[in-house]
Amino acid sequence: MLPKPGLIAALQNIAQILSGRPHLPRALAENRLLQVILARRSVRAFTGQEIPEEVFSAILEAARLAPSTVNLQTWAFAVFDASLWQQTFGRAIPFHANRAVIVIADTYRDRQVLDVFPSSPLIEHTVAVMNASLAAMNMNIAAEALGVSSVMLSETGRSGLLDAQYLKEALGLPDGAIPLMTIVFGYARGPYPPMPPKLPIEQICFKGQYQSPRREAMDNWLSQMIVGYKASHLTSSFENQLKIYLNKIEKAEADLRSMIFRQPG
Ligand SMILES: Cc1cc2nc3c(=O)[nH]c(=O)nc-3n(C[C@H](O)[C@H](O)[C@H](O)COP(=O)(O)O)c2cc1C
């Protein structure tokens, strides 16, 4: 059971969320790339407007050129326009986005020619997840730079890690190819949502020895998460959202164990 902030705390939390903004030295504020990175938000409402082919191709090119461990490029991308998604899954792309990319940690392709990790499946899988996630972020930032908004999905609309087995069957993925997330792309409908509560820099960076988090700052963050979620999802709550995840996690965990380690969970 999560704490329920009282009215005054809730109002303070909302004020903190609304006042949240990137901290950038004035001298760097004009840097276009930094502006793009810091202004990015996960967007969940799109106009439905078509993304031109050349713009989408540039986003995919950003994925292709991402960094990866020993340049192994352990990724694959299932690429959709609205009609292919509809045809494949029998429903629209979530949030009526115009394009979607399912990001896959792919160790299958390299194994055709290289056996780098013969007895270390955990490292092999972790490396593939790291690399594919970096390519995902490259796409996300490239899109943003081109005026296209996006959100990464691991759960919403059977789109990622928690539905890996379903996606594996739907896409005919071989063993060693694990779907991680779907990035949906489109033109944002309306202004960007406010920045969700991000932890202060001193809670996430340390010099020398690991610093235990300050409890008060963590309580404040959790409170902002609860209040912020309620403010943006009037009919749901952060707690309900966590419950939805928990309901799916047991099956997803067993599926993933058998997909990654090729043994029953
Ligand atoms: C790997 C990953 C999976 C995510 N899955 C979902 C999802 O299933 N549904 C959703 O609405 N948002 C999803 N998100 C978006 C996060 O909720 C979002 O990044 C976070 O709240 C921070 O907001 P921001 O991206 O605007 O900074 C996901 C993000 C990541 C990185």
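Residues numbered from 1 in each chain as written. Predicted model: local features only at pLDDT ≥ 70, side-chain atom pairs only at ≥ 80, totals over all residues. Heavy atoms only, no water.

Turning our eyes to something else, we now look at the nonpolar core. By size, the foremost hydrophobic cluster in this structure holds 22 residues, and its most contacted members are Ile-51, Ile-59, Val-103, Met-139, Val-148, Ile-183 and Phe-185. Put simply, the parts of the chain that give this core at least two residues each are helix H3 (53-64), strand S2 (99-106), helix H6 (121-145) and strand S4 (177-186). When residues of this core are assigned to their parent elements, the largest contribution, 6 residues, is made by H6. (Core = buried A, V, L, I, M, F, W, Y, C linked by side-chain atoms within 4.5 Å. Buried < 20%, exposed > 50% of the residue type's maximum accessible area, 1.4 Å probe, protein only. Helix = DSSP H or I, 4+ residues; strand = E, 2+ residues; numbered from the N terminus.)

Attention shifts here to the environment of Ala-39. By the secondary structure assignment, Ala-39 is in helix H2 (residues 32-39). Separated by 93 residues in sequence, Ala-39 and Ala-132 place their C-alpha atoms 23 Å apart.

Before going further, it helps to examine the pattern of salt bridges. Close approach of charged atoms allows side chains of opposite charge to pair. Taken as a whole, this structure holds 11 salt bridges when the rule is applied. The shortest N-O distance in the salt bridge between Arg-64 and Glu-61 comes to 2.9 Å. Here the residue Arg-64 and the residue Glu-61 both occupy positions in helix H3, the gap between them amounting to 3 residues, near one helical turn. The partner of Arg-158 in a salt bridge is Asp-163, and the shortest N-O contact between them spans 3.6 Å. Because the salt bridges share partners, they merge into one network encompassing Glu-155, Arg-158, Asp-163 and Lys-248. (Salt bridge = Lys/Arg side-chain N within 4 Å of Asp/Glu carboxyl O.)

Turning our attention to the site of the ligand. Taken together, Arg-40, Arg-41, Ser-42, Arg-44, Met-152, Leu-153, Ser-154, Glu-155, Thr-156, Pro-196, Lys-198 and Tyr-245 make up the full set of residues near the ligand. A distance of 2.5 Å separates an oxygen atom of the ligand from a polar atom in the side chain of Ser-42. Within the backbone of Ser-154, one N or O atom sits 2.9 Å away from a nitrogen atom of the ligand. Its atoms largely coinciding with the cavity grid, the ligand occupies the largest pocket. When its residues are assigned to classes, the shell around the ligand shows 4 nonpolar, 3 polar and 5 charged. (Near = heavy atom within 4 Å. Polar contact = N/O pair within 3.5 Å; in protein donor to acceptor, adjacent residues only side chain to side chain. 1 Å grid on protein atoms, 1.4 Å probe; cavity = no way out; pocket = protein on both sides within 12 Å on 5 of 7 lines; lining within 4 Å. Sits in = over half its atoms within 2 Å of the grid points. Nonpolar A, V, L, I, M, F, W, Y, C, P; charged D, E, K, R; others polar.)

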